[in-house]
Amino acid sequence: MTKLFTFASLLCLSFISCKKQNDWLDIRKDPNDKILEKLADFQAILDNTLIFNSSYTSIGQLGCDNYYLNEQYYNLTAPTEKNAYIWKKDIFEDRLSTDYTVGYQEIGAANIVLDGLKELKITSNEQIEFDNVMGQALFHRSIMFFELASIFCKPYRSQTASVDLGLSLKLSSDIYEIEQRASLDATYKQIVDDLLVAASLLPKIPKYKSRPSKLASYALLARVYLNMGNYVKARDFSDSVLSNGAELLDFNDGVPSLLLEYRFPNFTTGNKEVIFYSEGIGYTGIIPDYNFGYGFVDTVLYKSYDVSDLRRKYFYEQVGLSQVKFRGTYSGSTLNFCGLGINEVCLTRAECNARLNNIQASLSDLNLLLSKRYEKGRFVEYETDNSDTLLVKILAERRKELPFTSQIRWQDLRRLNIDPRFATYITRIVEGEVFTLAPNDPKYVYPIPQNEIDRTGIAQNER
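Residues numbered from 1 in each chain as written. Predicted model: local features only at pLDDT ≥ 70, side-chain atom pairs only at ≥ 80, totals over all residues. Heavy atoms only, no water.

Peer 1: What exactly am I supposed to notice about empty space enclosed by the protein here?
Peer 2: Unoccupied space between atoms shows up once a probe the size of one water molecule is rolled over them. Tallied over the entire structure, the rule returns four cavities of 30 Å³ or more. Taken as a whole, the second largest cavity spans an internal volume of roughly 90 Å³. Surrounding the second largest cavity, Phe315, Phe326, Gly328, Thr329, Tyr330, Phe337, Asn343, Glu401, Leu402, Pro403, Phe404 and Thr405 form its lining. When grouped by side-chain class, the residues that make up the lining of the second largest cavity number seven nonpolar, four polar and one charged. (1 Å grid on protein atoms, 1.4 Å probe; cavity = no way out; pocket = protein on both sides within 12 Å on 5 of 7 lines; lining within 4 Å. Points joined across faces, edges and corners; volume = space filled by probe spheres on them. Nonpolar A, V, L, I, M, F, W, Y, C, P; charged D, E, K, R; others polar.)

See below:
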């Protein structure tokens, strides 16, 4: 017998209690207490955007160098945010971690679907729909494992991944089953394996952008392989996205717009760069959101934009004489965009080709993106015959294009710190005390919440 819908509903309710519902969120089925018996029932679980497209792991953003806090605002922020801002050894201080808890709730909901599908009998006419539902569940499990690994595990290094601690790989819907932490290598293998199967099952174009697709699976594989340092596969999966009619926004064409409070439209109404939509946990106390955030955009980052670069105009808003706020989220709201976009894939392919010494291919992607970000008539194509110089340029543009998208800056800092050319020291000054996050510092790995350690006995991270 398949899992009870009641169990899935309780999971949904526990999740909803963590976050206020946004007006775009749409639960397309009103689940009554009954047994999951049709594909439509499983699709209804996956279409609950409160679970699968909301409150994505975002705490890595708080440790990045793209923003700062004035000292008078530091004490107004929530304890977890304050601790993350200064990379304190104990981030959560016996409190629950929303990122960890909600991440595993999404994984658990995906496992409910996957376990239920194993027992479901279908007709040949239902095979395509069955494959689609299974592919969606695998994608959701995979992306959340990856985002959690970016916080609670060391950066992937092929030399040490077999002994470094990975995640507790929950692959069953049994809530009483406890999994000890797998190796980092096994964790990434699970992420990749789930995505490869998902890509083979999903349609190229989803019915809604809140649903995963084949192209979303390819885009996520490109992100994962980039973080693993496998530039050939990251490039190849980027190719698989960009060769399928993908289009970039031209910032000269009215999207974004100064008439919109957050400059970009809601993902359902015109942002063609969005491949898969999700949004992050609302850490608006610190992230430099225009209306609610206490933080301000890093001065060096803001000054790195040319005056003819439209991202300077549409991403940011100057307040006062020298302080800058962020308005450029692809969510079109106060929450940061945590999905997948064509712009990220384009930059990933450019980076990989630069690293593989395919200079002209890399320049083609870089110049294509930048030509759609600068004022018409003001853009001059970037040229170089040196792959190292090109790589430096691409990484600078990556930071400027994706400053508050998902946890990309945090992931980039972690992966790039191993290379002395790109190693970054981040410094905060709070109440006269200086805090520094050095390259490859153990504090690039967050502690497992103590309540999880107490409940499961899994190994804690060193900090």
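After that view, the rundown keeps rolling.
Peer 1: Can you walk me through the environment of Gln460 in this structure?
Peer 2: Mapped onto the elements of the fold, Gln460 is located in the segment after helix 17 (450-456). Note: C-alpha distance between Gln460 and Pro447 (13 residues apart in sequence) is 6.6 Å. Dropping the residues within four chain positions of it, Gln460 is found in contact with Leu165, Arg181, Pro447, Ile448, Gln450 and Ile453. Polar contacts involving the side chain of Gln460 include one to the main-chain amide nitrogen of Ile448, which spans 2.7 Å. (Helix = DSSP H or I, 4+ residues; strand = E, 2+ residues; numbered from the N terminus. Contact = heavy atoms within 4.5 Å. Polar contact = N/O pair within 3.5 Å; in protein donor to acceptor, adjacent residues only side chain to side chain.)

Peer 1: Would you take a moment to explain the layout of surface pockets for this structure?
Peer 2: The computed volume of the second largest pocket comes to approximately 400 Å³. Considering the residues around the second largest pocket, the lining is formed by 20 residues, among which Lys154, Pro155, Asp164, Pro442 and Val445 are closest to the centre. Here the residues of the lining of the second largest pocket are counted per class, giving nine nonpolar, four polar and seven charged.

Peer 1: I'm lost on the confidence of the model for the chain in this one. Help?
Peer 2: For any part of a model where pLDDT is low, the fine detail of the predicted coordinates should not be relied upon. For the chain, the average pLDDT comes to 91, and 91% of its residues sit at 70 or higher. Contacts for the low-pLDDT stretch residues 1-10, under 50 throughout, to residues beyond four places or in other chains number 27 contacts. (pLDDT = per-residue confidence, 0-100.)

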